[in-house]
Structure formats: C-alpha cells, structure tokens
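This is what each chain is made of:
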Amino acid sequence: MIVSPIRMPGSLPAVCEAAWPKDVGIIAMEVYFPSQYVEQAELEEFDGVGAGKYTVGLGQARMGFCSDREDIGSLCLTVVQRLMERSGLSYESVGRLEVGTETIIDKSKSTKTVLMQLFEESGNTDVEGVDTTNACYGGTAALFNAVNWVESSSWDGRYALVVAGDIAVYATGSARPTGGAGAVAMLVGPNAPLAFERGLRGTHMQHAYDFYKPDMVSEYPVVDGKLSIQCYLSALDRCYSVYRNKIHAQWQREGLDKRCSLEDFGFMVFHSPYCKLVQKSLARLMLNDFLCHHSPDTQSGPFSGLEAFRDVKIEDTYFDRDVEKAFMKASSEAFESKTKASLLISNQNGNMYTPSVYGCLASVLAQHTPQQLAGQRIGVFSYGSGFAATLYSIKVTQDATPGSALDKLVSSLCDLQARLDSRKKVSPDVFAQNMKLREETHHLANYIPQGSVEELFPGTWYLTRVDEKHRRQYVRRSMNDDRPLEAGLITSCITAEHIPSPLKKMPRIPAATAGPEGLVISNGDH
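In this text the structure is predicted, and so the values were computed from the model without any measurement.

(A) Highlighting helix α6 (residues 275-292). The end-to-end C-alpha separation of α6 is 26 Å, in line with the 26 Å expected for 18 residues at 1.5 Å each. Counting buried positions along α6 gives 13 out of 18 residues, so the element sits mostly inside the fold.

Here you go:
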C-alpha cells in the first residue's frame, strides 16, 4: 500500500505553486518626512546632557518633527498622492489599500477611510483593507496582508497599496531624542523588482509591556527602556533562528548542504528606534552565527579572537558589554557593507515607528545603483513593541537594464539626500514650543491649527481645522507656488490605466509624468 506523505494544514502541493503570481513584492516606493528638523547636538546642549549622548550614544544627527498642521491623516494623504503621481498610476488600478500605524486619532474610523477621498474622482470604491496596529510592526503586517492578497484566490489582478505612517513624540526626558515622523507608501504586485522570498519569514510574538500607549488622550507612550531593548534583541534572536531553519530546509530540498549566515545577505536592514541599536543588532546576528557554528575559526576571519565567548548563553548577553563590544568590532566590516547605508533617513530624520524599517530599505535603494542591487538578498527585521517581530527576505531582480522596473524604482528614490538637505533647521527652543503646542492641543475639538503653512514642502497635505464634532479638514499645498490649492477637483493630465484582468500580467508602470494638483478634503462632510 502506498502511503501519501503527511502535509501540514494549509500547505499546497508543489503542482499548485505554478498558479501563484510570480515574484510578488514591491514595485514602487515613496517616502515622506517633515520639512523641519532639530540638530541633535544642539538638543544635547538645550537639554543639559553630556555632549555626545544623543549623537554618539544613540547615533542620531537630526530629528524631523511635525507642527500641529500635520497628523496621521495628512502624512498618509501626502505620501499616497505623491506615489500615485510619480508612478503615473490611476486610482482605478488599486484593489487593496492597507495602512499600518500606531498614531491613532480615532478609536473607530480608520486612516484608510480618510485616504479613500483621493479615490473619489476615479469612482473606485472597490478597495479592500483597513488599518493594522501593533506599535512599529503595523506596517509590516499591512505589507504581509497585501502580499498575501496578491497570492490568494481573492486577488482580482489589481495592485495593492501599503502605507506605513507615524508621528513619534515623547514627553520631555531621555526618550524625546528618539522621536521623528514620516510615512512610506509601497505599491505591491507581481513581477516586482523586490520580490518576497516565499516561505522565508521567521516570526516571534510575545506579551510584554515594554512600550505601550494606554492614555487615549495623550500622544506619549509609557516606555520601559531596558525591557524594550531586551525584547527587541530577544525577538531578533528568535526570528533569525526560525528564518535560518526555514531557508536551510529549502536548501536541503534543492540539494544544497549549507547553513545560513550573514554572508547570505547582500544587505541587512532593521527597524531603527535609534541608529546605535541597529549596529548592535547586526553584531548580534554575528554572535548568533558564531554560537551556532560547529567549529568557528577563531584564528582568522570574522571570528578571529572570539574564542573566549564560545560558551556564552545567548539569553545572558543582552546587556553584556564585553560581548557587545567584541562582536561590534568583529562585525564592523559587515556593518559598513550591509547595513550602514540603510541608516540615512534614520540618522537624519529619527524614528518613524511603522515606516522606520521601510525608510531603511528606501535608503539602501537610494544609495546604490541598479547594478549593485541586482540579484541581492535583502534581509529585513521588523519589530513592534508589545511585542511582534518578523525577519524575512527580499530578492532583488537580476534585471538592472535602463528602463527596467528596478531602474525606475531606484531612480524614483535618488533624490532622498537632496530632500533631506532641503529641510529647514530650527532651534531646540522652537522644537520644544512645537512639542508643547501638540501636547496642549492634541485631540481638541473646534480647533484651528497654529503652525506655519509656508514651512511645509510643496504638495504636502495639512490640517486646516478640527470642527466641533472632531471632523478633520485638510488642504494640499500647491506643488508650484506658496498658495494652498483651491477647493474642487482638478482633472489629471495622466492617462488613466486600465484595470488589469486577474488572468493577465500586471501592466508595467508608465514613466512618471506631471500629476494633478489636488483638492480640499476632510474626513467628515464633503
């Protein structure tokens, strides 16, 4: 009698894989960060702490921040419209829209529904998805939902759009310099230049009160800093172990006899609460490689001189300064080649919460050529307090030719440094005044924001009023001059793209052209 092999619930026979869309992943990206920042070195002096505490100790140079003119709705409106305009896409071509955020301004109404006002002119209301919330992990959960949708029987052939956005603010004190703000939008579909490697996700979920926001009338979190670091690093250990087991199993099925290590990743990006923790995290992956290696060479190579740490227990090393120092030194070359470039936005803008790790991914793309990226495996570690974490990998397409999808994606992000440099620096006193204003006016009804509109980037959506019923109204600043856009619809000069059939290949994104100038919208009455 022939016995059929045991199959785990939910798994598919290999023959079914042929029906899945190919190379599902990220096709286009857009990043938004505020137009104002404060220098961390000046903030050190203003706060009366030792020189280097924020700049060297945390690894931060500048911190972007929002006045009361911006909220989670305006951030997401800005980044979505910018992505659609720069990609030359019609709103009809989007069938799923997911938002990941922990910046909650309403306990019921999702930010996704606010974004649907951008779709009104197109008439497209057939758009699945709502908000996902779990600290900094919400953007990753939203991204997984989008990828899963494209690979499922529910997919109707259109693109998915994922938005991760947050405003990270802290009460006066040691945590305040780890703030920041921003949003990242990602277009998801098949035949992507950044394809998710199927089956390669290592996840760890656990209950902890390391960082949480129980006060519904305040933007500020409750933070246990030491516990948060321990949770982050322990989650990294667990996720890396699960990921390595899964990729090892794949390699065995392919007839490859090898173990996964840092060497198998061209780039490694992490959720970045602050840059120094990212550098420590890469060192920790090397520590994991070292402890799992059957017979590491401690005489030469990356493990040289580390024999004294051969018998340490991984769970005892979270705050072991000797281990940390030794492995940061041992991993310094790997950090320079695999991770340092990812910290551009984190170093210059700060922690964006859900978009943080995707700002790191965009930073890698912005600072390398398509030829340098082609064929590389990019490891991505996403962490959200409370806590939830996943380590997964993206495979970059081999096609780096001019005009290719990878070339278009890289070209769209090549202005990141210039945009960061174009921001306005303000004094720590002005920054503190803005934080005080946000603190005093957070969640007020019948309120007109006081922040300057002139300081915003062209094309930025901003808050004009919160009425007596807490309904918010937004206006978009003109792309071409200093005047806000007038109310009403302005016809787009972009030719609408047809909605693709579920049975056909996704259409290629056309070259970016000039986009519409926008409209006045609210999340209440129209």
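(B) Seen up close, the pattern of salt bridges. For the coordinates displayed, the defined rule picks out 26 salt bridges. Arg-158 is paired through a salt bridge with Asp-156; the nearest N and O atoms lie 2.9 Å apart. Exposure remark for Arg-158: the relative accessible area of 3% places this residue in the buried category. On the basis of relative accessibility, which here comes to 23%, the residue Asp-156 falls in the partly exposed class. In this structure, Glu-324 engages Lys-280 in a salt bridge whose closest nitrogen and oxygen atoms are separated by 3.6 Å. Of this pair, Glu-324 sits in helix α7 (residues 321-330) while Lys-280 sits in helix α6, and the two are 44 residues apart along the sequence. Salt bridges sharing common partners tie together Glu-30, Arg-86, Asp-415 and Arg-419.

(C) Representation of the sheet that holds strand β2 (residues 36-39). The three strands lie next to each other as β3-β2-β14, forming an open sheet whose pairing is mixed. Of all the strands in the sheet, just β3 (62-65) and β14 (424-426) have a single pairing partner and so form its edges. On average, each strand axis in the sheet is tilted by 40° relative to the strand beside it, whichever way the strands run. In this sheet, β3 lies alongside β2 in antiparallel orientation, the contact comprising four bridges. Bridge pairing in β3 links Tyr-37 to Gly-64.

(D) Main features of the UniProt feature "binding site: CoA" (unreviewed entry) in the protein. Here, UniProt's "binding site: CoA" (unreviewed entry) annotation points to Ser-228, Lys-276 and Lys-280. In sequence the annotated residues extend across 53 residues, while in space they remain close, none of their C-alpha pairs exceeding 14.4 Å. Here Ser-228 lies in helix α5 (residues 225-253). Judged by its relative accessible area of 18%, Ser-228 falls in the buried class. Not counting residues up to four positions away in its chain, the partners in contact with Ser-228 are Asp-210, Tyr-383 and Ser-385. In this structure, Lys-276 sits in helix α6. Not counting residues within four places of it along the chain, the set of residues in contact with Lys-276 comprises Val-56, Gly-57, Leu-58, Gly-59 and Met-328.

(E) Representation of a nonpolar patch on the surface. On the surface, a nonpolar cluster with roughly 280 Å² of combined accessible area is contributed by Tyr-209, Tyr-212 and Val-222. By secondary structure assignment, the location of Tyr-209 is in the loop between β8 (194-205) and β9 (211-212).

(F) Fine view of the nonpolar core. With 142 residues, the main nonpolar core has Met-29, Phe-327 and Phe-381 as its most contacted residues. For this core, the element with the highest residue contribution is α5, accounting for ten residues. In contact with Phe-327, not counting residues within four places along its chain, are Ala-283, Met-286, Leu-287, Phe-290, Leu-306 and Phe-309. The next biggest cluster of nonpolar side chains, apart from the first, holds five residues, and it includes Cys-136, Ala-168, Tyr-170 and Phe-211.

Conventions adopted
- Residues numbered from 1 in each chain as written.
- Predicted model: local features only at pLDDT ≥ 70, side-chain atom pairs only at ≥ 80, totals over all residues.
- Heavy atoms only, no water.
- Helix = DSSP H or I, 4+ residues; strand = E, 2+ residues; numbered from the N terminus.
- Expected span 1.5 Å × (residues − 1).
- Buried < 20%, exposed > 50% of the residue type's maximum accessible area, 1.4 Å probe, protein only.
- Salt bridge = Lys/Arg side-chain N within 4 Å of Asp/Glu carboxyl O.
- Pairing = 2+ DSSP bridges.
- Axes fitted to C-alpha atoms, helices over the stretch in contact; angles between N-to-C directions.
- UniProt positions renumbered as here; feature names shortened; annotations may be inferred.
- Contact = heavy atoms within 4.5 Å.
- Patch = residues over 30% accessible without salt bridge, like charges linked within 9 Å, V, L, I, M, F, W, Y side chains within 5 Å.
- Areas by Shrake-Rupley, 256 points an atom, 1.4 Å probe, with all protein chains shown as cover.
- Core = buried A, V, L, I, M, F, W, Y, C linked by side-chain atoms within 4.5 Å.

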